[in-house]
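Examining the three-dimensional arrangement
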Amino acid sequence: MFYPKGSNTDRYDMTPIYARITINGKRSEFSIKRKVLLSKWNSDAGKVKGTTADVRELNRYMNSIRYKIQNIYEKLSNEETLITSEGIKNRYLGKNIKQKMLLKIFQNHNMKVEKLVGKDFAPGTLERYKTAKNMWRIISN
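The structure displayed is predicted, hence computed values, not measured ones.

This paragraph deals with the overall build of the protein. Helix and strand counts for the protein come out as four helices and five strands. Order of helices (α) and strands (β) in the protein, N terminus to C terminus: β-β-β-β-β-α-α-α-α. Along the first, second and third principal axes, the C-alpha atoms of the protein reach 70 × 35 × 30 Å. Per-residue burial over the protein gives 26% buried out of 141 residues.

See the structure below:
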């Protein structure tokens with residue numbers, strides 16, 4: 001569900017919109033990085049009232065988020081893994097993706113090149129890759 005998170009005292013202030021995922025009574029929320037006037041929010045429908053291009057675009061954006069979250073739920077269900085609201089939120093926000101460090105990627109590349117020296121790569125090429133990796137290590141520290 002989507003809702004504006006802010007003060008209900010001034011209906012003419014822009015308020016951030018949040019998405020809420022609820023699984024087995026446990027909630028997880030995140031900002032969708034958009035704002036809305038409280039006077040334009042339709043609480044029953046969970047979307048913005050109106051027909052202007054901006055309103056239609058914002059409602060489409062919220063529908064795309066809803067669709068992506070439903071797809072994540074289905075994928076987790078098919079994988080037969082534990083499904084939690086926090087897990088769905090993290091997957092949607094990309095927080096569950098393991099990121100490789102550049103030096104590790106460089107090292108893996110150099111190991112592959114080393115195996116291909118004499119076939120696809122010259123020894124000098126491998127030395128230049130090793131030098132580049134060492135230079136990156138020096139400047140990144």
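Still more ground to cover, so stick around.
A separate point is a nonpolar patch on the surface. On the surface, L102, I105, M135, W136, I138 and I139 cluster together to form a nonpolar patch covering roughly 600 Å² of accessible area. Mapped onto the nonpolar patch, the elements with two or more residues apiece are helix 3 (102–115) and helix 4 (123–140). The dominant element in the nonpolar patch, judged by the number of residues it contributes, is helix 4, at four residues. Tracing the backbone shows L102 in helix 3.

On to the packing of aromatic side chains, then. A complete count under the given rule lists two aromatic pairs for this structure. Of note, R20 hangs over the ring of Y3, and the distance from its end group to the ring centre comes to 4.6 Å.

Further remarks concern the pairing of strand 3 (residues 26–37). Pairing geometry for strand 2 (residues 14–23) and strand 3, over nine bridges, is antiparallel. Across the sheet, Y18 pairs through a bridge with S31, a residue of strand 3. Between strand 2 and strand 3, which pair antiparallel and follow one another directly, the connecting turn spans two residues, one of which, N24, has a positive phi of 50°.

Further remarks concern helix 2 (residues 85–93). Burial in helix 2 covers these residues: S85, I88 and K89. Take helix 2 and look down its axis: the buried residues cluster within an arc of 100°, on one side only. One or two steps after helix 2, the chain reaches G94, where phi turns positive at roughly 80°.

A few words now on the environment of M111. Within the fold, M111 resides in helix 3. For M111, a relative accessible area of 40% gives the class partly exposed.

The next point concerns the layout of surface pockets. With a probe scaled to a water molecule rolled over the atoms, the places where space remains empty come into view. Considering only enclosed or pocket space, the largest pocket measures out at about 200 Å³ in volume. Contributing to the lining of the largest pocket are 13 residues, with M1, R20, I21, R66 and I69 lying nearest its centre. Each residue belonging to the lining of the largest pocket can be placed in one class, and the counts come to nine nonpolar, two polar and two charged.

To describe two helices that pack against each other, one gives the angle between their axes and the distance between the axes. Their axes nearest at 10 Å, the elements helix 1 (residues 53–78) and helix 2 cross at an angle of 120°. When the axes of helix 1 and helix 2 are compared, the pair comes out oblique. Along this stretch, helix 1 crosses helix 2, giving a crossing that reads as right-handed. Across from I65, K68, I69, I72, Y73, K75 and L76 in helix 1, the residues of helix 2 making contact are I88, R91 and Y92. For the contact of helix 1 with helix 2, the per-class residue count stands at seven nonpolar, no polar and three charged.

Quick look at the confidence of the model for the protein now. Scored by pLDDT, the protein has a mean of 88; 91% of the residues are at 70 or more. Averaged over each element, pLDDT in the protein is lowest for helix 4 (84) and highest for helix 1 (95).

Definitions and cut-offs
- Residues numbered from 1 in each chain as written.
- Predicted model: local features only at pLDDT ≥ 70, side-chain atom pairs only at ≥ 80, totals over all residues.
- Heavy atoms only, no water.
- Helix = DSSP H or I, 4+ residues; strand = E, 2+ residues; numbered from the N terminus.
- Buried < 20%, exposed > 50% of the residue type's maximum accessible area, 1.4 Å probe, protein only.
- Patch = residues over 30% accessible without salt bridge, like charges linked within 9 Å, V, L, I, M, F, W, Y side chains within 5 Å.
- Areas by Shrake-Rupley, 256 points an atom, 1.4 Å probe, with all protein chains shown as cover.
- Salt bridge = Lys/Arg side-chain N within 4 Å of Asp/Glu carboxyl O.
- Phe/Tyr/Trp six-rings, centres within 6.5 Å; stacked < 30°, edge-to-face > 60°.
- Lys NZ or Arg CZ within 6 Å of the ring centre and 35° of its normal.
- Pairing = 2+ DSSP bridges.
- Arc of directions from axis to C-beta.
- 1 Å grid on protein atoms, 1.4 Å probe; cavity = no way out; pocket = protein on both sides within 12 Å on 5 of 7 lines; lining within 4 Å.
- Points joined across faces, edges and corners; volume = space filled by probe spheres on them.
- Nonpolar A, V, L, I, M, F, W, Y, C, P; charged D, E, K, R; others polar.
- Axes fitted to C-alpha atoms, helices over the stretch in contact; angles between N-to-C directions.
- Parallel < 35°, antiparallel > 145°, perpendicular 65-115°, else oblique.
- Left-handed = near helix turned anticlockwise from the far one by under 90°.
- Contact = heavy atoms within 4.5 Å.
- pLDDT = per-residue confidence, 0-100.

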